[in-house]
2 protein chains.
Amino acid sequence: MSLLIKNVLLNDNETDIFVRDGLIQSLGTNLTNHADEIIEGKNKAAIPSFVNAHTHSAMTLMRSYADDLELHDWLENKIWPFEKNITEEDVYWGTRLAAIEMIKSGTTHFNDMYWHYDGSAQAVMDSGINAHLSSAFIDLGDEELSKKQITEQVDLFHRKNKYEPNVSFTIGIHALYTVSEAGVLWARDFAKDHGLKIHMHLSETKKEVDEWVTQTGMRPVDYLDSLNMLGSHLLAAHVNWVTDEEIQKLTDKNVGVIHCPTSNMKLASGVFPYQRMKNAGVRMGLATDGVASNNNVDMLDEMKMATLLQKSSSQNPTIMPAKEAFYLATKGSAELFDLNMGEIVVGKSADLLLVDLQNIHLIPNHHLIPNLVYSAHGGCIDTTISKGNILMENGRVNDEQNVVNHFKEASDRLVKG
Amino acid sequence: MSLLIKNVLLNDNETDIFVRDGLIQSLGTNLTNHADEIIEGKNKAAIPSFVNAHTHSAMTLMRSYADDLELHDWLENKIWPFEKNITEEDVYWGTRLAAIEMIKSGTTHFNDMYWHYDGSAQAVMDSGINAHLSSAFIDLGDEELSKKQITEQVDLFHRKNKYEPNVSFTIGIHALYTVSEAGVLWARDFAKDHGLKIHMHLSETKKEVDEWVTQTGMRPVDYLDSLNMLGSHLLAAHVNWVTDEEIQKLTDKNVGVIHCPTSNMKLASGVFPYQRMKNAGVRMGLATDGVASNNNVDMLDEMKMATLLQKSSSQNPTIMPAKEAFYLATKGSAELFDLNMGEIVVGKSADLLLVDLQNIHLIPNHHLIPNLVYSAHGGCIDTTISKGNILMENGRVNDEQNVVNHFKEASDRLVKG
């Protein structure tokens, strides 16, 4: 499969892009390579696609089901009761819907944690999108439950070939306060033995950190360090409540930190210390979190939210300029997962978007990146390409109506309880 | 002109809406009124259209021209030099483009302040949208300039019939720190004599308020009160830095206060005291401000920004629930301008939207208002109707390509200086 994109705006110059075997093979003017498919790029700009570095995609089933509540009330009285009835098939359709929403708003790779792993994994395969998937390991200190979860994770690991290459199997441990130390240590060793990433929530709320300190005498990052858990394989979402000493450890050990601004604002979890992280050289990515706390998976929205939150909370309008927000959503996130994507250069994976420069929000085009960060929404994306495969063209995704119909059946049934 | 909308979802029930002479005449099932035009509303929801209560619409010309700068640097080195070269024709095309962007994202009435009034006013007429328009009165304490500005405003007032009924002439005084006391007093008396609204910026930044206190010994609201300027005719944008005593005065005198969350966050101007205002009973609306500090005019984005800013800054996720953000953007804003719109009930102006419930961001439809506030973007609007006139159908606005072409000529010339 080869693809030639003609006359597209790339870094302000009209360029042709030749793609073969999933990679960007050449960039230039008047390229004459033979290609299986030719896309006319006039009035469009090419940009790298987005990596949504932390989400729970099947939670599309719960979009706008419960909002404006205290975290505790929200989880215990709304989200968890709803989730009790969710089947693997529901998760399949929930993830399919999320995948369509992501493709439409320019995301081609995401990092997920949820139950019913096989439902999510099959949905990723059938969508043509790519993902790091982890099951949510939660044992609440219960030894039996812990064993059961470990058995499940090992089983999933041994069946991971079934979903490759679209799905990268990842170890998920929900959070320190929901997983026993034995569970955390098992995850550490299993991930090390098999070269896997570990995906977890970390220091999201002040309450959770305060309670952890009371319970263990250690701050969460220090505790993880004492267990020798820190490393470039660790992908920590949120990380709002950390001291400078903890930030230094995250830098020194190359931990990947994932910022979820909308979710943090909506649940009032805290303000991500972006500038302190940046000054210390922490590796950072950007994410939407699940749709129950966002309520979409649009990374264009997320970039705007990220930079405005930093500017407002620091009372400094120069913090996180547009190009830094764009970096977080593309190359920054991609590097956390060792993905060969996030920029349009020869040799990189052909994960890229064609943006419709005739969309009213992108006129005039004085500067493209600020226009994307501050003005655009997902509807400005015309074409989404992942590993050289066209997942959307002219704003249309294959099979959308069929997925929507099945999804609605699932969500209607669930809401009736 | 009459219009019958069939089978549309209104407050969760399938309803027909009959419109004649610009008003909603009847609501019900199986309406059989004869109508000049029939719209099938299946798979769509009807909601009131938005009122963008404070913007500078021609600033679309400067979208993403200069971002991530200190307010002073931004204004003096970027915005003002650019604005020096803007002609009345540029303002016409800038406002036409903004009007299309507003129509596409569901706004049918806006409140504007800018130079080259006739350019804006003619653009409003030609777009079919409606607006309160004011010229920017700035005299910087210069007596000659003040006289010139007053002459201009009086002249515009006497020619206001030309632009009615789409344009409501409004007195604009830029801000206390840019207009002489004589200018403010003239505006007060002229507005009173002719029953006009006054539109101004008020207490946007801490610096501006601190300097005003140093200079006059009074806080801005107290100063306005001492001049007998407070009243329901006064429309004050921003109002971030106010004491409880000032808030009480705004309530007692029925002043209209306009919140601009994105602009305040982007320029780091301060956090609007929503809950304190709400508790005191202040009349409030919502707005995007100009595109140079937003960078779009999408009121759906603005609702999300408003509630997330309040939740995050107060560390309370229950503040400004979705329905309150929606109220601010519709009825709240409409009431500031005494508009007979903002809700879909018999007798109100037919200013309403049909939302595409098949848009991926609105699936599932557990709760429409939270879906609109937290998940939707402007692209979810299918049909925009103002005073019974269809300004957009199936996402298409008349004359868009022609406006875009002229607009690009203007912005290209301006950026070359």
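> Give me the lowdown on the overall build of chain A, citing residues and values where you can.
Scanning chain A from terminus to terminus reveals 14 helices and 17 strands. Taken over C-alpha atoms, the radius of gyration comes to 21 Å for chain A, in line with the 22 Å a tight globule of 417 residues would show. In terms of overall dimensions, chain A has a C-alpha envelope of 65 × 45 × 40 Å along the principal axes. Across the 417 residues of chain A, 60% fall into the buried class. In chain A, once contacts between residues fewer than 6 apart in sequence are set aside, the share between residues at least 24 apart is 74%.

> I'd like a description of the domain arrangement of chain A, backed by residues and values.
All names here are of chain A. Domain assignment breaks chain A into domain 1 (2-48 + 350-400) and domain 2 (50-336). A separation of 29 Å is found between the C-alpha centroids of domain 1 and domain 2. Taken together, the contact pairs 19 residues of domain 1 with 21 residues of domain 2. Listing elements by their share of the side of domain 1 that touches domain 2, those giving two or more residues are helix 13 (368-375), strand 15 (381-386) and strand 16 (389-393). In terms of residue count, helix 13 provides more of the side of domain 1 that touches domain 2 than any other element does, five residues in total.

> Give a detailed account of the sheet that holds strand 6 (residues 50-55) of chain B, specifying residues and quantitative values.
Residues and elements named next belong to chain B. If you walk across this open sheet you meet the eight strands as 6-7-8-9-10-11-12-13, and the pairing is parallel. The open sheet terminates on both sides in strands that have one partner only, identified here as strand 6 and strand 13 (283-286). Here the average twist between neighbouring strands, direction ignored, is 25 degrees. Pairing of strand 9 (residues 167-172) with strand 10 (residues 198-202), which is carried by two bridges, proceeds in the parallel orientation. The residue of strand 10 that forms the bridge with Ile 171 is Ile 198.

> Please set out helix 13 of chain A residue by residue, giving values where relevant.
Residues and elements named next belong to chain A. Here helix 13 lies mainly inside the structure; seven of its eight residues are buried. Among the residues of helix 13, Leu 368, Pro 370, Asn 371, Leu 372, Val 373, Tyr 374 and Ser 375 are the ones counted as buried. Elements in contact with the buried residues of helix 13: strand 5 (44-48), helix 11 (299-314) and helix 12 (322-336).

> Quick rundown of helix 1 (residues 71-84) of chain A? Include the residues and the values.
Residues and elements named next belong to chain A. The terminal C-alpha atoms of helix 1 lie 18 Å apart, and with 14 residues this matches the ideal 20 Å at 1.5 Å per residue to within 8%. Roughly 25 degrees is the biggest bend found in helix 1, and it falls at Lys 78, with proline Pro 81 one to four residues downstream. Within the sequence span of helix 1, burial applies to Trp 74, Ile 79 and Phe 82. Along its buried surface, helix 1 packs onto helix 14 (400-416).

> Any chance you could break down the interface of chain B and chain A for me, citing the residues and the numbers?
Chain B puts 49 residues into the contact, and the matching count from chain A is 49 residues. Going through the elements one at a time, helix 2 (88-104), helix 9 (261-266), helix 11 (299-314), helix 13 (368-375) and helix 14 (400-416) of chain B are the ones with two or more residues in the side of chain B that touches chain A. Broken down by element, the residue count for the side of chain B that touches chain A peaks at five residues, all from helix 14 of chain B. When its residues are assigned to classes, the side of chain B that touches chain A shows 22 nonpolar, 18 polar and nine charged.

> I'd like to hear about the environment of Thr384(A), residue by residue, with values.
Residue and element names in this part refer to chain A. Its place among the elements puts Thr 384 in strand 15. Sequence spacing of Thr 384 and Asn 394 is ten residues, and the spatial spacing of their C-alpha atoms is 9.3 Å. Beyond its immediate stretch of four places on either side in the chain, Thr 384 contacts Ser 49, Ile 103, Gly 106, Thr 108, Leu 353, Leu 391 and Met 392.

The rules behind these values
Residues numbered from 1 in each chain as written. Chains lettered and ligands numbered in written order. Predicted model: local features only at pLDDT ≥ 70, side-chain atom pairs only at ≥ 80, totals over all residues. Helix = DSSP H or I, 4+ residues; strand = E, 2+ residues; numbered from the N terminus. Rg over C-alpha atoms; globule rule 2.2 N^0.38 Å. Buried ≥ 20, exposed ≤ 12 C-beta atoms within 10 Å, placed from the backbone. Contact = placed C-beta atoms within 7 Å. Domains from an automatic or database assignment. Pairing = 2+ DSSP bridges. Axes fitted to C-alpha atoms, helices over the stretch in contact; angles between N-to-C directions. Expected span 1.5 Å × (residues − 1). Bend = angle between axes of the 7 residues up to and from the residue. Nonpolar A, V, L, I, M, F, W, Y, C, P; charged D, E, K, R; others polar.

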